[in-house]
Structures are given as structure tokens and as C-alpha cells.
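Listed below, chain by chain, are the residues.
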Amino acid sequence: MKQIQFKWFNGLHLFIAAILGVGILAGSIYVATLIDEGPFFLKLFPLPFFLCGLFLLYFCLAICLNTTTIRLDGQCIVSETKPLYWHKPISLPIADITRLKVLRINSQSKGDNTFAYKINAEMSDGSEQTLVPSSIPIEHNNGLKMKERIQMMLLAAE
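None of these values were measured; they are calculated from a predicted model.

Chemist: Can you walk me through the pattern of salt bridges in this structure?
Modeler: If the charged atoms of two oppositely charged side chains come close together, the side chains can form a pair. Scanning the entire structure with this criterion turns up six salt bridges. One salt bridge in this structure joins R71 and D73, with 3.4 Å as the shortest N-O distance. Judged by its relative accessible area of 16%, R71 is buried.

Following this line, the structure appears as C-alpha cells:
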């Protein structure tokens with residue numbers, strides 16, 4: 001059984017998410033301790049900020065710990081992320097894959113362009129299935145290399 005693994009670690013994403021997560025989490029806890037009187041909805045005010053801070057801290061842990069593994073499992077190719085849950089495992093039958101594509105997803109905010117990349121498999125019925133979602137941080141060059149490595153793995157399986 002062959003497999004490809006890549007770690008998510010990106011220092012810039014980790015730094016930004018950690019600063020924001022700790023700041024939002026600490027700020028919401030501070031505000032919650034100040035509100036001891038007043039209406040009930042006022043006591044719920046820090047809750048969305050607290051949840052946002054928790055998500056950013058989870059994102060930090062995912063960047064530090066997660067590894068995406070793409071492996072051949074019998075007649076299927078499986079893409080899964082561990083140890084922290086990020087997406088459910090993706091399993092595609094090898095015989096139905098005709099080609100792989102790297103897609104660039106562009107998002108704009110305040111004049112800044114950011115890109116995310118995902119790897120799709122074109123199936124024999126004409127549909128496209130996602131093998132590596134864009135929510136998994138891969139750089140463009142790594143995305144192209146990853147596509148080539150997956151293609152080599154699929155060719156070796158035939």
C-alpha cells in the first residue's frame with residue numbers, strides 16, 4: 001500500500017490565528033466576568049466571541065498537528081486528515097478516475113487576493129469529485145507536486 005503524507009504547518013497562519021484566538025478568548029472571558037448584573041441577553045453577549053476564539057485556537061492546533069494522508073486502499077484512493085477532525089475521509093474508486101486537476105480558488109477582501117488550492121478528480125461519468133479540499137492548506141507548487149505524486153501512485157496501482 002502506497003501513501004503520501006503532508007503536514008499542514010505554516011508559521012504565518014499559526015501566528016495570526018494564535019494571536020487572534022488568544023486575544024478574542026481572553027477578551028470574551030474578561031467581558032463575561034464584568035457582566036454580573038443586567039438582562040440575560042447581555043450576559044450572552046461574549047458568547048459568540050468566546051466561540052470564535054475557541055475555533056481559532058482549534059485552527060492553531062490543526063495547523064500544528066494535522067497531517068493529510070492520501071493512500072491506496074484496495075481499489076480506492078482515500079484522503080483523510082488526522083489527528084484532529086477537519087473533514088470526513090474522501091474515498092474514490094481508482095477505476096473511475098480519468099484525470100486529476102489542481103484548482104485555484106481566489107478570494108478577495110479589502111483589495112487583498114488570497115488563494116487556496118484543491119485537487120479534484122475527474123470521474124469517468126464526467127463528474128468531478130474533490131480529493132483534497134481547499135480547506136487543507138497547500139501551496140500552489142506543493143499542489144502541483146502533490147497532483148503529480150498522486151498520478152504516479154495511481155499509475156503504479158494499475
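Chemist: How do you make sense of the environment of L72 when you look at a structure like this?
Modeler: Locating L72 in the fold gives a position in strand β2 (residues 67–73). Owing to a relative accessible area of 10%, L72 belongs among the buried residues under this scheme. Remark: the alpha-carbon pair of L72 and I94, spanning 22 residues in sequence, is separated by 8.6 Å.

Chemist: What's the story with the packing of aromatic side chains in this structure? I'm lost.
Modeler: Between two aromatic rings, the relevant description is the distance of the centres plus the angle of the planes. For the structure shown, the criterion picks out two aromatic pairs. On the numbers, 6.4 Å between centres and 5° between planes, the contact of Y58 with W86 is stacked. You can see Y58 sitting in helix α3 (residues 47–65) and its partner W86 sitting in the loop between β3 (76–82) and β4 (90–93), a full 28 residues away along the chain. Centroid distance F59 to W86: 5.9 Å. Interplanar angle 45°. Geometry classified as tilted. Of the two residues, F59 is situated in helix α3 and W86 in the loop between β3 and β4; the sequence distance between them amounts to 27 residues. Each residue in the set Y58, F59 and W86 is aromatic and connected to the rest through ring pairs, giving one cluster.

Definitions and cut-offs
- Residues numbered from 1 in each chain as written.
- Predicted model: local features only at pLDDT ≥ 70, side-chain atom pairs only at ≥ 80, totals over all residues.
- Heavy atoms only, no water.
- Salt bridge = Lys/Arg side-chain N within 4 Å of Asp/Glu carboxyl O.
- Buried < 20%, exposed > 50% of the residue type's maximum accessible area, 1.4 Å probe, protein only.
- Helix = DSSP H or I, 4+ residues; strand = E, 2+ residues; numbered from the N terminus.
- Phe/Tyr/Trp six-rings, centres within 6.5 Å; stacked < 30°, edge-to-face > 60°.

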